Amino acid sequence: MNVLSVTSEVYPLIKTGGLADVAGALPLALDVLGINTRTLLPGYPAVMDKIGPANPLMHFPDLLGEAATLLAATYEGLDLLVLDAPDLYRRAGGPYLDPTGQDYVDNWKRFAVLSMAGAQIAQGALADWQPDLVHVHDWQAALVPVFMRYSEKPEIPSLLTIHNIAFQGQFAANILPELNLPGHAYWEALEYHGTVSYLKGAIVTAHAISTVSPSYAEEILDPAYGMGLEGVVASRADSLHGIVNGIDIEAWNPAKDALITASYGVTTLKKRSLNRESLTKHFGLDHDNSPIFCVISRLTWQKGMDVLAEIIDDLVAEGGKLVVLGSGEPGLEWALKTAANRHPGRVGVQLGYNEPLSHLMQAGSDAIIIPSRFEPCGLTQLYGLRYGCVPVVARTGGLNDTIIDANAAALNAKAATGIQFAAVTAEGLRQAVRRTIRLFKDTKTWNQIQKQGMKADVSWETSAQAYVHLYHRLLGKG
Ligand SMILES: Nc1ncnc2c1ncn2[C@@H]1O[C@H](COP(=O)(O)OP(=O)(O)O[C@H]2O[C@H](CO)[C@@H](O)[C@H](O)[C@H]2O)[C@@H](O)[C@H]1O
């Protein structure tokens, strides 16, 4: 089966968050199951640099008024279709934000063009490769099924995966004439309170919709999580699926990780202490046996980082240490930095994005705190499980589906893999930290939790099979 995946990020070429990890790892897992995936993504500078000279496959003279060249390349096992439109994608700054941190004003066009290229490839633009199905990720690729629906050519089956319904690709309705769609497309698919919503368009037109965990698939039917789209999602409830993310267990393997100081496994857990030492030095922490908590995250409200900032003094008073790696909202960056200044030796904060450091933090910290208000799946708790860095998580979305709370029954059954807490409030997190420190002091129990986590299946194997099953259903073969 040939699948066209359309996405705005793919690890290891370009990553701002978890979408890239999934878009990068899923094709490799599907390959083993006989699915041939080609991934269409924009030719950002980082992507062009990494792929080097590439074969032009075809020229698009007019994608919503823009010319583009489609390049074929392979990179670390990924079969790529890179859309090279220099005016749109070759810019200083990130995939979505300019160097000053503002959204590019033409993001509507940059990702409509990506989607238009995706739709044309899906509908036969390439002479020697025809996808059977198109799998689009998030709002940036969400116009693919919309363009297919309103084109004269027959559409092919499509799957929309929602990684985060908070990001919807919502734009002023005056872009509508530029999208080259018939007027009725607005009323039928795209209209959202007088604006254009790309994500809504895909929820209405894709043949199936998936989210990245079963719990989140339930949650987005609820106004508390649906971010205004719960009604539209409900209208497609029959076609809604929840498939939990896996992780790349080769890139995230403590037994073979070149980015950490000492490799280790479930039977050589003691060697973690060498990573703990490196981490302690890196962040200038006190050398003692008190637990090190870490946070690796976008610093946003979604991730509960304001709640974290609120309890740092208590975490320190309880005897814990904390290291934070992240970037995001300036107010939260400031709050965390000032907490680090208040607690030298106890709290270390590094702002910015640093993939190698994120590995060392998982390998050297005792626990990872994830106090998200909502979390479609979450990946850092899965890395934590694999690295024996015990996840302390809010009971929501994928965090709910992947972590077994260390309650008495789970501890007795030796099934616990982490700590869950319900209310994302200062008091909720404070209690969870207290409970974690208590468990940490009981070394035998703590090691049991670590080992149980390290044995958990966080690979893509089961979930890739679930996607294959869904693909087959969409093709009418399942
Ligand atoms: N400063 C930093 N330096 C280095 N690495 C950093 C970093 N900040 C974050 N990361 C990394 O970025 C990724 C973040 O993944 P998440 O799943 O936590 O969230 P995100 O909200 O981006 O993704 C959305 O999509 C994913 C994929 O479906 C869902 O799991 C998730 O719930 C949803 O919100 C992880 O690989 C993490 O290690």
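Residues numbered from 1 in each chain as written. Predicted model: local features only at pLDDT ≥ 70, side-chain atom pairs only at ≥ 80, totals over all residues. Heavy atoms only, no water.

Student: An account of the packing of aromatic side chains is needed here, citing residue identities and associated values.
Tutor: With the rule as written, the count across this model stands at twelve aromatic pairs. Aromatic pair Tyr 96 and Phe 111: ring centres 5.8 Å apart, planes at 50°, arrangement tilted. Of this pair, Tyr 96 sits in the loop between helix H3 (86–89) and helix H4 (107–122) while Phe 111 sits in helix H4, and the two are 15 residues apart along the sequence. Both residues of the pair, Tyr 96 and Phe 111, belong to the buried class. Ring geometry for Phe 440 against Trp 446: centres 5.4 Å apart, planes inclined by 80°, an arrangement best described as edge-to-face. The pair Phe 440 / Trp 446 is uniform in exposure class, with both members buried. These aromatic residues form a ring-pair network of at least three members: Tyr 96, Phe 111, Trp 139, Phe 171 and Tyr 198. Its guanidinium or amino end placed over the ring of Tyr 11, Lys 15 lies 5.4 Å from that ring's centre, counting from NZ or CZ. Over the ring of Trp 129 we find Arg 38; its NZ or CZ atom is 5.2 Å from the centre of that ring. (Phe/Tyr/Trp six-rings, centres within 6.5 Å; stacked < 30°, edge-to-face > 60°. Helix = DSSP H or I, 4+ residues; strand = E, 2+ residues; numbered from the N terminus. Buried < 20%, exposed > 50% of the residue type's maximum accessible area, 1.4 Å probe, protein only. Lys NZ or Arg CZ within 6 Å of the ring centre and 35° of its normal.)

Student: Lay out the pattern of salt bridges with the relevant residues and their values.
Tutor: Under the defined criterion, the tally for this structure stands at 18 salt bridges. Put simply, Arg 276 and Asp 366 hold a salt bridge, and the shortest N to O gap is 2.8 Å. With a gap of 90 residues between them, Arg 276 in helix H11 (residues 272–282) and Asp 366 in the loop between helix H14 (355–364) and strand S16 (367–370) connect regions that are remote in the sequence. Classification of Asp 366 as buried rests on a relative accessible area of 6%. Across the pair Arg 435 and Asp 405 runs a salt bridge whose closest N-O atoms are separated by 2.8 Å. Of this pair, Arg 435 sits in helix H18 (residues 426–441) while Asp 405 sits in the loop between helix H16 (397–402) and helix H17 (408–412), placing them 30 residues apart in sequence. (Salt bridge = Lys/Arg side-chain N within 4 Å of Asp/Glu carboxyl O.)

Student: Account for the UniProt feature "domain: Starch synthase catalytic" (unreviewed entry) in the protein chain, with residues named and values stated.
Tutor: Here the UniProt feature "domain: Starch synthase catalytic" (unreviewed entry) sits at residues 2–233. Annotation note: span residues 2–233, helix share 34%, strand share 26%, distance between end C-alpha atoms 27 Å. (UniProt positions renumbered as here; feature names shortened; annotations may be inferred.)

Student: Break down the sheet that holds strand S13 (residues 292–299) for me, citing the residues and quoting the values.
Tutor: Strand pairs in the sheet, formed through backbone hydrogen bonds, run parallel or antiparallel to each other. Within the open sheet, the six strands sit side by side as S15-S14-S13-S16-S17-S18. Their pairing is parallel. Edge positions in the sheet fall to strand S15 (347–351) and strand S18 (419–421), since each has one partner strand and no second. Neighbour-to-neighbour, the strand axes of this sheet turn through a mean angle of 20°, independent of strand direction. Bridge count between strand S17 (residues 390–394) and S18: three bridges; the pairing is parallel. (Pairing = 2+ DSSP bridges. Axes fitted to C-alpha atoms, helices over the stretch in contact; angles between N-to-C directions.)

Student: Account for the packing of helix H12 (residues 305–317) against helix H13 (residues 330–342), naming residues and giving values.
Tutor: The geometry of H12 relative to H13 is characterised by a closest axis approach of 10 Å and an angle of 15° between their N-to-C directions. Comparing the axis directions of H12 and H13 gives the class roughly parallel. Both H12 and H13 take part in a crossing whose hand is left-handed. Side by side, H12 and H13 meet where Met 305, Asp 306, Leu 308, Ala 309, Ile 312 and Asp 313 of the first sit next to Leu 332, Ala 335, Leu 336, Ala 339 and Arg 342 of the second. (Parallel < 35°, antiparallel > 145°, perpendicular 65-115°, else oblique. Left-handed = near helix turned anticlockwise from the far one by under 90°. Contact = heavy atoms within 4.5 Å.)

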